[in-house]
Amino acid sequence: MKKVAIEENLSDIRSALQQKGYDLVTLQNNEDAQDCDCCVISGQDRDVMGMQDAVTNGVVVNAHGRTADEVCQEVDNCFS
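Heads up: these notes are all about the structure in this document. Given the structure is predicted, the values throughout are model-derived calculations rather than measurements. (Residues numbered from 1 in each chain as written. Predicted model: local features only at pLDDT ≥ 70, side-chain atom pairs only at ≥ 80, totals over all residues. Heavy atoms only, no water.)

Along the chain, the regular secondary structure elements total three helices and four strands. Listing every helix and strand of the chain by position from the N terminus yields β-α-β-α-β-β-α. For the chain, with 80 residues in total, the buried portion stands at 32%. Looking at the chain alone, contacts between residues at least 24 apart form 41% of all its contacts between residues at least 6 apart. When the accessible surface of the chain is totalled, it reaches about 5400 Å², and 40% of it is carbon and sulfur. (Helix = DSSP H or I, 4+ residues; strand = E, 2+ residues; numbered from the N terminus. Buried < 20%, exposed > 50% of the residue type's maximum accessible area, 1.4 Å probe, protein only. Contact = heavy atoms within 4.5 Å. Areas by Shrake-Rupley, 256 points an atom, 1.4 Å probe, with all protein chains shown as cover.)

The following block contains the structure:
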């Protein structure tokens, strides 16, 4: 099954992904993302120093300023 980690505050996107049949994990810390194929983040917690540590080999989708449909389409593209 396609496993997607998603931040808790993205409830509309979470609902849309659930309807598409994705296995969702709430993204609360680095360990939550480790076994996921894709991560959906709000983009609001960006590191102000520009430093990022990769914790997943999966694709990271930034949902900031995007509709649930746009984010779902990008997640779908990760698996096609």
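Let's shift gears to the nonpolar core. Ranked by size, the top nonpolar core spans 16 residues in total, and within it Val-4, Ile-6, Ile-13, Leu-17, Val-40, Val-71 and Val-75 carry the most contacts. Among the secondary structure elements, those contributing two or more residues to this core are β1 (3-7), α1 (11-19), β3 (38-41) and α3 (68-78). Here this core takes four residues from α3, the largest share from any one element. Leave out the neighbours within four places in its chain, and Val-4 touches Leu-17, Tyr-22, Asp-23, Leu-24, Val-25, Cys-36, Cys-38, Val-40, Val-75 and Phe-79. (Core = buried A, V, L, I, M, F, W, Y, C linked by side-chain atoms within 4.5 Å.)

Under the criterion given, the structure shown has two salt bridges. The salt bridge involving Lys-20 is made with Asp-76; its shortest N-O contact spans 2.9 Å. With a gap of 56 residues between them, Lys-20 in the loop between α1 and β2 (23-27) and Asp-76 in helix α3 connect regions that are remote in the sequence. A salt bridge links Glu-74 to Arg-66; its shortest N-O distance comes to 2.6 Å. (Salt bridge = Lys/Arg side-chain N within 4 Å of Asp/Glu carboxyl O.)

Before going further, it helps to spend a moment on the environment of Thr-26. Looking at the element boundaries, Thr-26 is found in strand β2. A sequence separation of 22 residues divides Thr-26 from Val-4, and the C-alpha atoms of the two residues are 8.7 Å apart. Apart from the residues lying within four places of it in its own chain, the contact partners of Thr-26 are Ile-6, Glu-8, Arg-14 and Asp-32. Among the polar contacts made by the side chain of Thr-26, one reaches the side chain of Arg-14 at a distance of 3.1 Å. (Polar contact = N/O pair within 3.5 Å; in protein donor to acceptor, adjacent residues only side chain to side chain.)

Turning to the side chain of Glu-7, a few remarks are in order. Structurally, Glu-7 is set in strand β1. Within the buried core, Glu-7 has no salt-bridge partner, and the shortest N-O distance to an opposite charge, that of Arg-14, equals 9.5 Å. Among the polar contacts made by the side chain of Glu-7, one reaches the side chain of Ser-42 at a distance of 2.7 Å. (Lys, Arg positive; Asp, Glu negative; His and termini not counted.)

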